[in-house]
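Listed here are the chains, written in short residue letters.
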Amino acid sequence: MAQTPEANVVFGVFNETSDHESRVALTPDTVTRLRKAGVTCMIEQGAGNAAAYTDEDYAKVGATVCTADDILAKADALGFVDRPSEQMIGRIKPGTWVIGMLSSFTDEDYVAALASAGITAVAIERLPRQLSSAQSMDEMTSQNSVMGYKAVLVAANAYGSFLPMMTTAAGTIRPAKMLILGAGIAGLQAIGTARRLGAVVTAYDVRPASKSEVESLGAKFLDLGIDLSRGQGEGGYARALSAEEQAQQQAAVDRKAAEFDIIITTAKVPGRKPPMLLTKAGVGGLHRGSVIVDCAASELGGNVEGSQIGTQVTDGGVTVIGAPYLASEVSTTASNLLSRNVADVLAHFLVNGRLEVRQGEELDDAMVVAHTHADSNDDKKKGE
Ligand code: NAD
């Protein structure tokens, strides 16, 4: 992080804790880093409690612990785990910067609301992740990695047998057979975690590069018997499959699924509804006691037909867990990583001690989805 002690930018973070959210977008170690860059931090009371950081922890490192109203009145930039609610957008003063996961690929109305409120909006989901200078800002990687790890623990917990092979005086227990569908950041972390717990792991992804990545972690690559190798899209991501390819894939996955005790799905295509990989017929083919964790589950549907957020048990005794919020369940580490990502995004926009959008700069062009050209520092001074 650049040393710009002359900066006079105020960065504020709210308490976003909810039923499914325990993370916080600022942790005390990041306060220290930001202070060295000349940024003053404000945090809403209680914001870090669910991630095991007390108000005293923040105060000790020099953050101002205060109310949401104080932050709204004084902050030049606001950092979010998620994004501000539409109601909160109405309370943010024009010229303020908002940094978060804004769902800008799928929610144009929301971006329009940010723009008409005079907010400069930085959408982390648009980070050009292949740039080496962007690695420390990559919240998708940090949080998906946490999610992949936790998905295995959740599956293991719901499964009524051991993951590792175990020889006991009463007989030998065979290891669990686990299938990971979608072998990106979350899937690879799930493979590593499952292998460490002793499961026999098989994985699948449409990107041709994933076969060697899966095998390098000691898992087997699933042969679906169909060629979807054109599944690689732009920027190293998968592309959305055609309806015909998708039907072929579902039929093949449904057939293979019955061989496994646990299935974890993490497949996504940026800016699209998650692809459905396993249909009800496939779920119906699984044995009683098997477990599915669908990390892509959402209101729009997930990788498993009929999966819903939360736990359901089918008539056939298959536990289906729709689990999009798993990163939040590892709240301390997830917050540490996320806070570093958000702070490094903020630091990127600090130019000579001020927040600035540089036209033609790759990260700025990619991530700034709303910008009024208002100068937040001047606005703040005018308001004083
Ligand atoms: P993601 O969360 O968008 O998707 C998760 C996985 O689902 C991906 O691996 C994708 O290929 C897979 N998938 C999509 N549709 C599928 C389908 N129909 N069937 C099976 N699998 C399907 O992506 P992610 O995990 O964040 O990243 C994916 C890849 O992007 C990485 O593995 C890497 O190659 C690349 N990446 C590169 C960098 C970098 O260059 N620094 C950083 C991050 C990611």
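Refer to the structure presented above.
In this report, we go over the structure that sits alongside the text. Computed from a predicted structure; not experimentally measured. (Residues numbered from 1 in each chain as written. Predicted model: local features only at pLDDT ≥ 70, side-chain atom pairs only at ≥ 80, totals over all residues. Heavy atoms only, no water.)

Taking 1.5 Å per residue, 15 residues should reach 21 Å; helix α9 (residues 243–257) reaches 21 Å between its end C-alpha atoms and fits that length. Looking only at α9, the buried set comprises Glu-245, Gln-249, Gln-250, Ala-252, Val-253, Asp-254 and Ala-257. Elements that come into contact with the buried residues of α9 comprise β9 (177–181), β10 (200–204), β12 (262–265) and α10 (280–284). (Helix = DSSP H or I, 4+ residues; strand = E, 2+ residues; numbered from the N terminus. Expected span 1.5 Å × (residues − 1). Buried < 20%, exposed > 50% of the residue type's maximum accessible area, 1.4 Å probe, protein only. Contact = heavy atoms within 4.5 Å.)

The next thing to look at is the nonpolar core. With 53 residues, the main nonpolar core has Met-178, Ile-263, Ile-264, Ile-292 and Val-293 as its most contacted residues. For this core, the elements supplying multiple residues, two or more each, are α6 (139–158), β9, α7 (185–196), β10, α9, β12, β13 (291–294) and β15 (319–322). Among the elements that line this core, the one with the most residues is α6, at five residues. Excluding its chain neighbours within four sequence positions, the residues that come into contact with Val-293 are Ala-151, Val-154, Ala-155, Ile-263, Ile-264, Thr-265, Ile-321, Ala-323 and Leu-326. Counting residues in hydrophobic clusters, the runner-up holds 38 residues, among them Cys-41, Tyr-58, Leu-127 and Leu-338. (Core = buried A, V, L, I, M, F, W, Y, C linked by side-chain atoms within 4.5 Å.)

Here we take up the site of the ligand. Taken together, the neighbourhood of the ligand is formed by 26 residues, with Arg-129, Ile-185, Asp-205, Arg-207 and Gln-249 sitting nearest. In the model, a nitrogen atom of the ligand is placed 2.8 Å from a nitrogen or oxygen of the Arg-129 main chain. Contacts to the ligand include Ile-185, whose backbone N or O atom sits 2.7 Å from an oxygen atom. For the ligand, the accessible surface in isolation is 820 Å², of which the surrounding protein chains cover 87%. Looking at the shell around the ligand residue by residue, the classes come out as twelve nonpolar, nine polar and five charged. (Near = heavy atom within 4 Å. Polar contact = N/O pair within 3.5 Å; in protein donor to acceptor, adjacent residues only side chain to side chain. Areas by Shrake-Rupley, 256 points an atom, 1.4 Å probe, with all protein chains shown as cover. Nonpolar A, V, L, I, M, F, W, Y, C, P; charged D, E, K, R; others polar.)

Take the packing of helix α1 (residues 28–36) against helix α11 (residues 331–348) next. Closest axis-to-axis distance for the α1/α11 pair is 9 Å, and the angle between their directions is 20°. By the criterion of interaxial angle, the relationship of α1 to α11 is roughly parallel. The two elements α1 and α11 meet at a crossing, and its hand is right-handed. Contact with α1, carried on its side by Asp-29, Thr-30, Arg-33 and Leu-34, involves Asn-336, Ser-339, Arg-340, Ala-343, Asp-344 and Leu-346 of α11 and no other residues of that element. (Axes fitted to C-alpha atoms, helices over the stretch in contact; angles between N-to-C directions. Parallel < 35°, antiparallel > 145°, perpendicular 65-115°, else oblique. Left-handed = near helix turned anticlockwise from the far one by under 90°.)

When the terminal C-alpha atoms of α11 are compared, their 25 Å separation across 18 residues agrees well with the 26 Å that a helix rising 1.5 Å per residue should span. Burial analysis of α11 places 13 of its 18 residues in the buried class, which makes it a mostly covered element.

It is worth spelling out the sheet that holds strand β4 (residues 77–79) at this point. In spatial order, the strands read β3-β2-β1-β4-β5-β6-β18; together these seven strands make up an open sheet with mixed pairing. Of all strands in the sheet, those with a lone pairing partner are β3 (64–66) and β18 (368–370), marking the two edges. Ignoring which end each strand starts from, the neighbouring axes of this sheet average 25° apart. Contacts between α11 and the sheet are confined to β1 (9–13), β2 (39–44), β4, β5 (97–100) and β6 (120–123), with β5 contributing the most and set at about 140° to the helix. (Pairing = 2+ DSSP bridges.)

Our focus in this paragraph is the packing of α6 against α11. Two elements in contact, α6 and α11, have axes separated by 9 Å at closest approach and are oriented at 175°. On the basis of their axis angle, the class for α6 and α11 is roughly antiparallel. Where α6 abuts α11, its residues Glu-139, Ser-142, Gln-143 and Val-146 lie against Ala-334, Leu-337, Leu-338, Asn-341 and Val-342. Residue composition of the contact of α6 with α11, by class: five nonpolar, three polar and one charged.

Glancing now at unusual backbone geometry. In most cases, non-glycine residues show a negative phi, while peptide bonds are predominantly trans. Look at Ala-52: it is not a glycine, yet its phi comes out positive at around 75°. Assignment of secondary structure puts Ala-52 in the loop between β2 and α2 (55–60). The exposure class assigned to Ala-52 is exposed, which follows from its relative accessible area of 54%. The phi dihedral of Asn-352 falls on the positive side, at around 50°, and the residue is not glycine. Tracing the backbone through its elements, the reader meets Asn-352 in the loop between β16 (350–351) and β17 (354–355).

For strand β14 (residues 310–313) and β15, the ladder comprises four bridges, and the chain directions are antiparallel. Looking at the pairing, Gln-312 lines up with Val-320 of β15. Linking β14 to β15, which pair antiparallel, is a turn of five residues; within it Gly-317 sits at a positive phi near 80°.

Quick look at the pairing of β9 now. With respect to burial, β9 is a largely interior element, four of its five residues being buried. Where β9 lies against β10, five bridges are found, and the strand directions are parallel. Directly across from Met-178, in β10, lies its bridge partner Val-201. Handedness of the crossover is the feature at issue here: the chain leaves β9, passes through α7, returns alongside β10, and the resulting connection is right-handed. Across four bridges, β9 lies against β12 in parallel orientation. Bridge assignment links Ile-180 to a residue of β12, and that residue is Ile-264. (Right-handed = clockwise from strand over helix to strand, strands pointing away.)

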